[in-house]
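Remarks on the overall topology
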Amino acid sequence: MVPSGYKSKLDVMNTQIAINEVKDFFETKLSEYLDLTRVCSPLIVPGGQGINDNLNGVERTVAFNALDIEEPRIEIVQSLAKWKRVALKKFGFALGEGLYTNMNAIRRDEKIDNLHSIYVDQWDWEKVIGEEDRNINTLKSEVRKIYQAIKTTELHMSKFHPALNAILPEDIYFITTQELENLYPSFTSKQREDTITKEYGAVFIMQIGGVLRSGEKHDGRSPDYDDWNLNGDIVFWNPTLQRSFEISSMGIRVDRETLLEQLKVSGNEERESLYFHQNIINGSLPQTIGGGIGQSRLNMFLLKKFHIGEVQASVWNEETMIECEEKNIQLF
């Protein structure tokens, strides 16, 4: 539902200018705070190797055959969660160093609404850590760095665009999914997120993917990149939408033991034979932490937009276009 009286803070041209300001400024701060180097990344990857992100395991990839490549089939990426870990080894990044890239993906089975598009753009990042760094303190430390990069960007934008007032709190609040369920046992996971983010403004919700004591999951997670005990989502309270608003998903990545356990629990043991998974099992890939930060999501939040189509160019169904036109929301 479009909030009553909603009107964009910036017109179309100033929105385009502001989008570039956000991207340029935030990229610089992300690289600086996390010690990341920007690298080139693929739009397409070979299928059948486990390199593409299969998300929750039910989404169909966009795939095709090429004239001069016989096998395997080629897939458009859904995210670079796994590719980045291989890239860290290939590029020779040292302990504590990492990479980031502009990731563009197509998710054909995404349900389109004001927060979701079949086109996905995000800053994908990954950095090398030691075995001894696979703990909650490492995770929280990197979350706080990302949060400060976002908060610094928000203050920068509010300085040059007075209509974009800064609202983020000084620090981000940490809570696990089980603690959240204990607080609000009768709520759905979405209602819990709404309640906790409205109270604290900015929250990192930890330990996503496993089954809670109630027998339910807070949310789904692929079993083969994040360690479900050492991951989470950065979620803000969005006053424009009057709801919780996910900005980033991230985590410490699986090691051999965690990978095998999560594949077993999720019933995906057949993946053990794939190229990517074999490289984790035999210890060929470094221990890492990483995640994705939504570019359009961050622009939506900082520019106080109602619809993701106000900050990205994509394809929309007729119903969406008609409704947005009626509400004076201009889609690209």
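Attention in this report is confined to the structure presented alongside it. (Residues numbered from 1 in each chain as written. Predicted model: local features only at pLDDT ≥ 70, side-chain atom pairs only at ≥ 80, totals over all residues. Heavy atoms only, no water.)

Considerations on the pattern of salt bridges
- Tallied over the full model, the rule gives 19 salt bridges.
- Residues Glu-75 and Arg-73 are paired through a salt bridge, measuring 3.4 Å at the closest nitrogen-oxygen approach.
- Glu-75 sits in the buried class, given a relative accessible area of 9%.
- Residue classification places Arg-73 among the partly exposed positions, given a relative accessible area of 42%.
- Across the pair Lys-84 and Asp-124 runs a salt bridge, and its minimum N-O distance is 3.1 Å. Highlighted residues: Lys-84 in helix H2 (residues 83-91) and Asp-124 in strand S6 (residues 119-128), separated in sequence by 40 residues.
- With relative accessibility at 0%, the residue Lys-84 sits in the buried group.
- On the basis of relative accessibility, which here comes to 2%, the residue Asp-124 falls in the buried class.
- Counted as one network, the salt bridges with shared partners bring together Lys-84, Asp-124, Glu-126, Asp-226 and Arg-253. (Salt bridge = Lys/Arg side-chain N within 4 Å of Asp/Glu carboxyl O. Buried < 20%, exposed > 50% of the residue type's maximum accessible area, 1.4 Å probe, protein only. Helix = DSSP H or I, 4+ residues; strand = E, 2+ residues; numbered from the N terminus.)

Quick word on the pairing of strand S11 (residues 288-294)
- Most of S11 is tucked away: 7 of the 7 residues are buried.
- Here S11 shows two buried faces, one formed by Thr-288, Gly-290, Gly-292 and Gly-294 and the other by Ile-289, Gly-291 and Ile-293.
- In this sheet, S11 lies alongside S6 in antiparallel orientation, the contact comprising 7 bridges. Residue pairing for S11: Asp-124 is matched across the bridge by Gly-292. (Pairing = 2+ DSSP bridges.)

Considerations on the sheet that holds strand S8 (residues 202-206)
- Spatial ordering of the open sheet is given by S1-S5-S6-S11-S10-S9-S8-S7, a layout of 8 strands whose pairing is mixed. If you trace the sheet from one side to the other, it starts and ends with strand S1 (36-38) and strand S7 (173-176), each paired once. Averaged over neighbouring strand pairs, the angle between their axes works out to 25° when direction is ignored.
- In this sheet, strand S10 (residues 243-253) lies alongside strand S9 (residues 226-238) in antiparallel orientation, the contact comprising 9 bridges. Looking at the pairing, Val-235 lines up with Glu-246 of S10.
- Helix H1 (residues 12-34) contacts S1, strand S5 (98-106), S6 and S11 of the sheet and is inclined by roughly 20° relative to S6.
- Contacts from helix H8 (residues 295-303) reach S5, S6, S9, S10 and S11 within the one sheet, and its direction differs from that of S10 by about 145°. (Axes fitted to C-alpha atoms, helices over the stretch in contact; angles between N-to-C directions. Contact = heavy atoms within 4.5 Å.)

So, unusual backbone geometry
- Unlike most non-glycine residues, Gln-242 shows phi in positive territory, near 55°.
- Within the secondary structure, Gln-242 is located in the loop between S9 and S10.

So, the side chain of Thr-177
- With respect to the helices and strands, Thr-177 occurs in helix H4 (residues 177-183).
- Apart from residues lying up to four places away in sequence, Thr-177 is in contact with Ile-205, Met-206, Gln-207, Ile-208, Leu-212 and His-218.

Some words on the packing of H1 against helix H3 (residues 136-160)
- As a packed pair, H1 and H3 sit with axes 9 Å apart at the nearest point and diverge in direction by 145°. Pair H1 / H3 crosses with right-handed handedness. Where H1 abuts H3, its residues Ala-18, Glu-21, Val-22, Phe-25, Phe-26, Lys-29, Leu-30, Tyr-33 and Leu-34 lie against Glu-142, Lys-145, Ile-146, Gln-148, Ala-149, Ile-150, Thr-152, Thr-153, His-156 and Met-157.
- Of the residues belonging to the contact of H1 with H3, the class tally is 11 nonpolar, 4 polar and 4 charged. (Left-handed = near helix turned anticlockwise from the far one by under 90°. Nonpolar A, V, L, I, M, F, W, Y, C, P; charged D, E, K, R; others polar.)

What about the nonpolar core?
- The biggest cluster of nonpolar side chains holds 49 residues, and the ones touching the most others in it are Trp-125, Ile-146, Phe-204, Phe-236, Met-250 and Leu-303.
- Elements that contribute at least two residues to this core include exactly H1, S6, H3, S8, S9, S10, S11 and H8.
- Counting residues per element, this core draws most heavily on H3, at 7 residues.
- Setting aside chain neighbours within four positions, we find Ile-146 in contact with Phe-26, Leu-30, Leu-34, Trp-125, Ile-234, Met-250 and Ile-293.
- In terms of nonpolar packing, the next biggest core, distinct from the first, is built from 14 residues, Leu-88, Phe-93, Leu-99 and Val-120 among them. (Core = buried A, V, L, I, M, F, W, Y, C linked by side-chain atoms within 4.5 Å.)

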